Amino acid sequence: MAGSMDTDKYYVEKEEITFDSDDDFAYEEVPVEDDFVPPELEEDLEAAVRTIREQNEDVEARVPREPSAKPSIIKKPEVVDDFVRNFLIRMGLSRTLDCFQTEWYELQERGLLKYNDIGTVPDVYTRNQELDNEIEFLQKEANKYKGAALKAKETYVKLRKERDFHRMHHKRVVQEKNKLIDDIKRLKRHYSQFAPNMEALKARYEAAMKEKMLANLERDRAVGQVNGLQSTLKNIEGFQGSGVSRKIDSASQDKGKTQKTLMMERQKREMDVAGGDVKELSKDFKRYPNDSEFPVDTGVNPYLNQVKAPPGHVTRTGGFHLSNTFNAHSYPISGVALHPRKQILATSSDDNTWKMWAVPSGDIIMTGEGHTDWVSDCDFHPAGSSLATTSGDSTVKIWDFSKAACVHTFTDHTAAVWSCSWHTCGDFLASSSMDNTAKVWDINSLRCRYTLRGHADSVNTIEFLPFSNTLLSSSADKTISLWDARTGLCAQTFYGHMHSVNHATFNLKGDTIASCDSYGVVKLWDVRSVAPMASFEVGPHPSNKLAFDPSGGVLAIASNDSTIKMYEVGTGVVQSLVGHEDAVQCLCFDRSGEFMVSGGSDATVRIWS
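Residues numbered from 1 in each chain as written. Predicted model: local features only at pLDDT ≥ 70, side-chain atom pairs only at ≥ 80, totals over all residues. Heavy atoms only, no water.

Asks: What is the right way to look at the nonpolar core in this model?
Replies: Side chains of a nonpolar character, in soluble globular proteins, are inclined to be buried together. The biggest cluster of nonpolar side chains holds 14 residues, and the ones touching the most others in it are Phe 326, Leu 338, Leu 345, Val 597 and Val 605. Elements represented by at least two residues in this core include exactly β2 (333-338), β26 (584-589) and β28 (604-608). Here the element with the most residues in this core is β2; it accounts for 3 residues. Residue contacts for Leu 345: discarding those within four places in its chain leaves Phe 326, Val 336, Ala 337, Leu 338, Lys 355, Met 356, Trp 357, Val 359, Val 597 and Val 605. (Core = buried A, V, L, I, M, F, W, Y, C linked by side-chain atoms within 4.5 Å. Buried < 20%, exposed > 50% of the residue type's maximum accessible area, 1.4 Å probe, protein only. Helix = DSSP H or I, 4+ residues; strand = E, 2+ residues; numbered from the N terminus. Contact = heavy atoms within 4.5 Å.)

And the structure:
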């Protein structure tokens, strides 16, 4: 029964099974005579077995093998009632099926159904049913193949678009390659003309210097003759009342001298007079009267007394968070600069323009257009009244805010200009260029005061130490150098980087230099001992820009991996600020250190506070 259960319990009992050992078994000795078979009988037995086997094989070969009959499928016609039942079941008419079966079986039992009525279904109905099933199956297959065809069509269209895109990209690359080849050929032809032009200019320069020297000598001789004649006239006027005796005495004295001696004395007297006149002239002579004077380099930065490290400075690297983002340009941003006294930000971009914004709101104030190529850097005048910009068109421009226009353009560079920096006094501007030089410009006389030569490759950045005449440059020749802006001479060069140095900067005290290269290696240098203090990697992506916070305890690094690395100088802790969607190209701290501004290849400015 279903409800009953077998309640008997079974237990497994432990039972020891002993195995007989073959070693203890007593074998009976079998005599050899019982099993002995003569050799002739053994041979006869093998022959008999072989004969019987051959006979069996012959019999099997003579008996014909019947082919295995394939099972046949007998298809019986379907009867009417089964046809109706199958139809009702397929259509889901269960109640109609019950009524049909009840009435059918009732009439069948009474014998009221005729044979013709309950016979088989005509083949045409069966065939129609099979065709309907086949049509339904084919319809499903057609739908499935239609879906596959549509999917294949979408894939084909997508592949065709990708093919067209790659073909267009290939054509564009080929055009750019041909343009670069033409530019290289043109530059080679241009550079090939430098040597004869330089020789011709050198010859002209030497000839001009020679003519200048001869002209100076002629001028000095003429001045000496004039002075001699004037003194002679004075002597003649003074000697007119002295009588003939003094003339006779002088004549008798000169009588003993030869004509050659008298001529030499006269020339010497004229040269002495001319020399004294030239000295008097050169004392007050100034070739460029509008040149500015470099201020006295005291080495004192008044901003140091205003810097106060924020509380919890050890963890300041992780204290910055993204507070605002705004789209500033249509192309990557290459430089940012903060106004010295107001909450104003200047940005430069590859779209050939610079713009000024109110921070942190991001409202635009001014737009500057005038460069014919990308604008690489910008820097505010210390007074905040003007802005300097550098560009790939080999120029440096000064923009006056009161006039809302460019007031001067320096064109002495022969290649793209990368960066610029104002002297604290505001009378001098330094710029670095791809022509392997840096230049110091005088804003009052509007001329190049010095050209800093010494780097063997592109000078990527230049920067004045605040309240000092010292310049710091970084170059693609893997070095950084210190220069004296008053003389244009290199004071010190730092070696250690293995790749192109993208940027170098001072801390506010001026005793530490930070530099970064194209492989993400960052180095800290002690200016006094001219030795590296620390070196670490934030690569393998290039590091583009560096900035010390005002306290000098945190170093921000703009990286090509779209992050900003915050390095704690005291502990060596490195943390990342994530926010940009592409490479970070530039950054700077405000003077109080409360917030930081960064710009990147995603054409956005982001403010971190």
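Moving on, there is more to tell.
Asks: For this particular structure, what's the right way to read the side chain of Ser 598?
Replies: Considering the arrangement of structural elements, one finds Ser 598 in strand β27 (residues 596-600). On the accessibility criterion, Ser 598 (0% relative accessible area) is buried. Polar contacts involving the side chain of Ser 598 include one to the side chain of His 580, which spans 2.8 Å. At a separation of 2.9 Å, a polar atom in the side chain of Ser 598 contacts the side chain of Trp 608. Beyond its immediate chain neighbours, meaning those up to four positions away, Ser 598 contacts Ile 564, His 580, Val 584, Cys 586, Leu 587, Thr 604, Val 605, Arg 606 and Trp 608. (Polar contact = N/O pair within 3.5 Å; in protein donor to acceptor, adjacent residues only side chain to side chain.)

Asks: Honestly, a nonpolar patch on the surface in this entry has me stumped. Any pointers?
Replies: Taken together, the side chains of Leu 187, Tyr 191, Phe 194, Met 198 and Leu 201 present a nonpolar region at the surface, about 520 Å² in accessible area. Breaking the nonpolar patch down by element, the ones donating at least two residues are α4 (123-192) and α5 (194-239). Top contributing element to the nonpolar patch by residue count: α5, with 3 residues. Residue position: Leu 187 is located in helix α4. (Patch = residues over 30% accessible without salt bridge, like charges linked within 9 Å, V, L, I, M, F, W, Y side chains within 5 Å. Areas by Shrake-Rupley, 256 points an atom, 1.4 Å probe, with all protein chains shown as cover. Salt bridge = Lys/Arg side-chain N within 4 Å of Asp/Glu carboxyl O.)

Asks: Got a minute to help me understand the environment of Leu 429 in this structure?
Replies: Structurally, Leu 429 is set in strand β11 (residues 428-433). Once the C-alpha coordinates of Leu 429 and His 381 are considered, the two residues, 48 residues apart in sequence, prove to be 9.1 Å apart. For Leu 429, the contacting residues outside a window of four places in its chain are Ala 388, Val 396, Ile 398, Cys 420, Ser 421, Trp 422, Lys 439, Val 440, Trp 441, Ile 443 and Phe 464.

Asks: Before we go on, may I ask you to explain the sheet that holds strand β25 (residues 574-578) in this structure?
Replies: Two strands in a sheet stick together by hydrogen bonds in their backbones, pointing the same way (parallel) or opposite ways (antiparallel). Reading across the sheet, the 4 strands line up as β22-β23-β24-β25 and stay open at both edges, with antiparallel pairing between neighbours. Across the chains shown, the open sheet's two edge strands, defined by having one partner strand only, are β22 (543-548) and β25. Taken pair by pair, the neighbouring strands of this sheet meet at an average axis angle of 25°, ignoring direction. (Pairing = 2+ DSSP bridges. Axes fitted to C-alpha atoms, helices over the stretch in contact; angles between N-to-C directions.)

Distances and angles like these do not, on their own, reveal function.
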